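The lines below spell out each chain.
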Amino acid sequence: MTPFKYVAPRSEEEALQALAEPFAVAVAGGTNLLDLMKENVARPATLVDVNTLGHLGLDRIERLPDGGLSLGALARNSDTAHHPLVRQAYPLLSAAILAGASPQLRNMATNGGNLLQRTRCYYFYDTETPCNKRQPGTGCPARTGLARIHAVLGASQACVATHPSDMCVALAALEAVVHVASVRGRRQIAMAEFHRLPGDTPQIDTALAADELITHITLPPAPPGPGWHASYLKLRERASYAFAMVSVAVLLQVEGGTVRAARIALGGVAHKPWRDPAAEALLLGHAPATEHFEAAADLLMRDAVATGGPAPGSNAFKIPMARRAIVRALEMAQQGVLTNTGELAQ
Amino acid sequence: MERALHPLESDRLPPSASIAPDSPTALPIDLVVNGKVLAIRVEPWTTLLDLLRDRLLLTGSKKGCDHGQCGACTVLVDGRRIIACLTLAVMRSGCEITTVEGLAGLAEGDAMPPAAIPDAASDAAADSATNAAPALHPLQQAFIEHDAFQCGYCTPGQLCSAVGLMTEGHLGEAQDLDAGIREGMSGNVCRCGAYPQILRAVRQVVLHRARPPAGHAADGNERAAA
């Protein structure tokens, strides 16, 4: 770790002022930032400990006047997943959070931090290798090397990294809104716009400015009434405690034997949780049957491109795997099966 | 806008940096560690794990990977299990830390006597009544009874993690108790492969705690009330 200055602001105003300084970075759970600092991938001059803001209310999970839910950025992932308001109205979010990391890490990690975690690309993490995300212009070794955990959708010549979060895939399906603050004011960022595609600037992961702090994440009101089903399917090389090769979050509303609404978000396949409204629209007005699920899956994966070198580097396996996973997740939702990750009772 | 990186001054900290309390960059913190109140100065970059091991000489918690991936450094902070290698000591000022060295002091109401361990028994016999070593935590006793460790390296983390798991109280939500324990302990890796025995040890203690009051039949397969 590179030596740094540590500040512990006692108010949101103090925190925002501290973050407005150059090379200052917020730390909450620290489960990704401190790891990156140990690898010298991240070398902030100042660490701004925002955990105090949690005690001042940024860790609250509370119902909103419109019936939606506000998740404090400083709330721990485990507390969020197990919160009665989340379990009852947004079981998809619970399932996704509990599918990720380990119990100890979930006790430390915060909601804001989960959004801001960085890719686990091996080359990004290894300061001895080129990486356009870590050092723009040096190249992307993953494209011709080991790319098992890398993207098949939305990638660029510059970068094929994936966003590793499970929680974010659920937040994308739920169309969450990210609320941020800085000394310059407050604004909201739709989940779909929060994470970026790599394009020519893979060093920029999100729409968050360097001086901005996530304060809370809001969810629209949970769909009322019967007929709504959710599922989170996570495929990984171990039964637990591993990142997704492919994950799928589904929200499905079936009424009178017909699909009225559908959301499908993919994890582990792109620089951000992946949604395609056209694929979702394919399901509307039809019976929730496998043939329609397969059509949606085909459309979602139509532009998928494998990357990586010769086996075992190539991630070509992800494309048929993702196609099957989308169909499986839709079937799970239709059958009322919440998750394959075993943590929660079905 | 990208979060800028500080120009690199030095890749490596001097080896003693984590235990340099007189350094001008050290900050004062207060901790309670295994019941003992401490007021110390630490560098901001000192992890809780390094503080426990290098400064406080509580070497029970292990540095298995130093990257939050193995769970060997699991300790309890304010009763909650966390990964000590990814925590800065300065960020935990004001907290109560329990390491494996402090487990025997917990749960004394249902702690078991150390009679099963010859050395502990002889130590206990040698001590005066006022200096008797505390009885083992039920989980420690169960780990011994079920042969739940071989090299012992992951064991302190397994024990602290299991205590945390039981405190969290979500085992009743799992599909079945064994699946819940396996998933709940999945953050602790064991290279010796003692997982089946660890599962049995944790299950025994969970069921013992969930046992109905005397006079009612106990079903060994009952789901945990945790």
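Rules behind the numbers
Numbering of residues starts from 1 in each chain and follows the order in which that chain's sequence is written. For naming, the first written chain is A and the first written ligand is 1, with later ones following in the order written. Local features in this predicted model are restricted to residues whose pLDDT is 70 or higher, and side-chain atom pairs enter the listing and the counts only when it is 80 or higher, whereas totals over whole chains, interfaces and linings include all residues. For the side-chain quantities, the full set of heavy atoms in the structure was used; hydrogens and water were omitted. Runs of H or I in DSSP of at least four residues are treated as helices and runs of E of at least two as strands, each being numbered from the N terminus. Relative accessibility thresholds used throughout: buried, under 20% of the residue-type maximum; exposed, over 50%; partly exposed, between the two (1.4 Å probe, protein chains only). For this analysis, residues touch if any pair of their heavy atoms sits within 4.5 Å. Working definition of accessibility: Shrake-Rupley area with a 1.4 Å probe, residue cover restricted to the visible protein chains. By the counting scheme adopted, Arg and Lys are positive, Glu and Asp are negative, and His together with the chain ends is not counted. Every charge is mapped to an atom, namely NZ of Lys, CZ of Arg, CG of Asp or CD of Glu. Values labelled buried area give the accessible surface lost by two parts on being combined, using a 1.4 Å probe and summing over both. Each reported salt bridge corresponds to a side-chain nitrogen of Lys or Arg within 4 Å of a carboxyl oxygen of Asp or Glu. Axis definition: a line fit to C-alpha positions, over the contact stretch in the case of helices; interaxial angles, taken between N-to-C directions, run 0 to 180 degrees. Less than a right angle of anticlockwise turn of the near helix away from the far helix marks a crossing as left-handed, whereas a clockwise turn marks it as right-handed. For this scheme, ten residues count as nonpolar: Ala, Val, Leu, Ile, Met, Phe, Trp, Tyr, Cys and Pro. Four count as charged, namely Asp, Glu, Lys and Arg, and the remainder, Gly too, count as polar. Think of it this way: a Phe, Tyr or Trp ring, Trp meaning its six-membered ring, pairs with another when their centres are within 6.5 Å, and the plane angle makes it stacked under 30 degrees, edge-to-face over 60, tilted otherwise. The pLDDT value expresses, per residue, how confident the predictor is, ranging between 0 and 100. Strand pairing is assigned whenever DSSP identifies at least 2 bridges connecting the two strands.

Asks: What exactly am I supposed to notice about the overall build of chain A here?
Replies: Helices and strands together make up the secondary structure of chain A, namely 14 helices and 11 strands. With respect to the three principal axes, the spread of C-alpha positions in chain A is 60 × 55 × 35 Å. Out of the 346 residues belonging to chain A, those deemed buried represent 61%. Considering only intrachain contacts with a sequence separation of at least 6, the fraction spanning at least 24 residues in chain A is 65%. In the form shown here, chain A has an accessible surface area of approximately 13000 Å², with 53% of it arising from carbon and sulfur atoms. The average position of the 31 basic charges and that of the 30 acidic charges among the side chains of chain A differ by 3 Å.

Asks: I'm lost on the interface of chain A and chain B in this one. Help?
Replies: How big an interface is tends to be stated in terms of accessible area lost as the parts join. Each partner contributes residues to the interface: chain A has 52 residues there, and chain B has 43 residues. Buried surface at the junction of chain A and chain B, summed over both partners, amounts to about 4200 Å²; 55% is from carbon and sulfur atoms. The largest per-residue losses of area from chain A upon contact with chain B belong to Lys38, Arg43 and Gln104 of chain A, which jointly make up 16% of the total buried on that side. Where chain A touches chain B, the interface holds two salt bridges. A salt bridge links Lys38 of chain A to Asp66 of chain B; the shortest N-O distance between them is 2.7 Å.

Asks: I'm lost on the packing of helix 5 (residues 177-184) of chain B against helix 6 (residues 195-210) of chain B in this one. Help?
Replies: If you want to describe how two helices pack, look at the angle between their axes and the distance between the axes. Residue and element names in this part refer to chain B. Interhelical geometry of helix 5 versus helix 6 gives an angle of 120° and a closest axis separation of 10 Å. Like other packed secondary-structure pairs, helix 5 and helix 6 cross with a definite hand, here right-handed. Two secondary-structure elements touch here, helix 5 through Leu177, Asp178, Ile181 and Arg182 and helix 6 through Leu199, Val202, Arg203, Val206 and Leu207. Of the residues belonging to the contact of helix 5 with helix 6, the class tally is six nonpolar, no polar and three charged.

Asks: Teacher, can you tell me more about the environment of Phe317 of chain A here?
Replies: Residue and element names in this part refer to chain A. Topologically, Phe317 is positioned in the loop between helix 13 (290-300) and helix 14 (318-335). Residue class for Phe317 comes out partly exposed when judged on its relative accessible area of 23%. Dropping the residues within four chain positions of it, Phe317 is found in contact with Arg148 and Met245.

Asks: Is there a simple way to think about the packing of aromatic side chains in this case?
Replies: Remark: the centre distance and the inter-plane angle together describe each pair of aromatic rings, the angle taken between the planes. In the structure shown here, the tally under the stated rule is three aromatic pairs over all chains. Ring plane angle 75° and centroid distance 5.8 Å describe the contact between Phe4 of chain A and Trp45 of chain B, whose orientation is recorded as edge-to-face. Residue Phe4 of chain A is found in the segment before strand 1 (5-7), and its partner Trp45 of chain B is found in the loop between strand 2 (36-42) and helix 1 (48-55); the two belong to separate chains. As far as the burial class goes, Phe4 of chain A and Trp45 of chain B line up, both buried. Arranged with centres 6.2 Å apart and planes meeting at 80°, the rings of Phe124 of chain A and Tyr125 of chain A form a pair that is edge-to-face.

Asks: In this structure, what is going on with the confidence of the model for chain B? I would like to understand it.
Replies: In low-pLDDT regions, the fine details of the predicted coordinates are not to be read closely. Residue and element names in this part refer to chain B. Of the residues in chain B, 73% reach a pLDDT of 70 or more, and the chain-wide mean stands at 81. A low-confidence stretch, residues 108-130 (pLDDT under 50), is modelled with 22 contacts involving residues beyond four sequence positions or located in other chains. ipTM for the predicted complex: 0.95, alongside a pTM of 0.91.

Asks: Explain the pairing of strand 10 (residues 246-255) of chain A here, please?
Replies: On a regular strand, one side chain projects to one face of the sheet and the next to the other, so that they alternate. All names here are of chain A. In terms of burial, strand 10 is largely enclosed, as nine of its 10 residues are buried. Two elements, strand 9 (residues 228-235) and strand 10, share eight bridges in a ladder whose sense is antiparallel. Among the inter-strand pairings, Lys234 is bridged to a residue of strand 10, identified as Ser247. Examined bridge by bridge, strand 10 and strand 11 (residues 258-267) share nine bridges and lie antiparallel to one another. Its bridge partner being in strand 11, Glu255 is matched across the sheet by Thr258.

Asks: Got a minute to help me understand the pattern of salt bridges in this structure?
Replies: Note that side chains of opposite charge can pair when their charged atoms are close. Taken as a whole and assessed by the stated rule, the structure comprises 21 salt bridges over all chains. Across the salt bridge formed by Arg148 of chain A and Glu237 of chain A, the nearest N and O atoms sit 2.7 Å from each other. Residue Arg148 of chain A is found in the loop between helix 9 (122-125) and helix 10 (167-173), and its partner Glu237 of chain A is found in the loop between strand 9 and strand 10; the two are separated by 89 residues along the sequence. Relative accessible area serves as the criterion here: at 29%, Arg148 of chain A is assigned to the partly exposed category. Taking the shortest distance from any N to any O, the salt bridge between Asp166 of chain A and Lys234 of chain A comes out at 2.8 Å. Here Asp166 of chain A, found in the loop between helix 9 and helix 10, pairs with Lys234 of chain A, found in strand 9; they are 68 residues apart in sequence, far enough to count as distant. One exposure class covers both Asp166 of chain A and Lys234 of chain A, and it is buried. Connected via shared salt-bridge partners are Lys38 of chain A together with Asp50, Lys63 and Asp66 of chain B.

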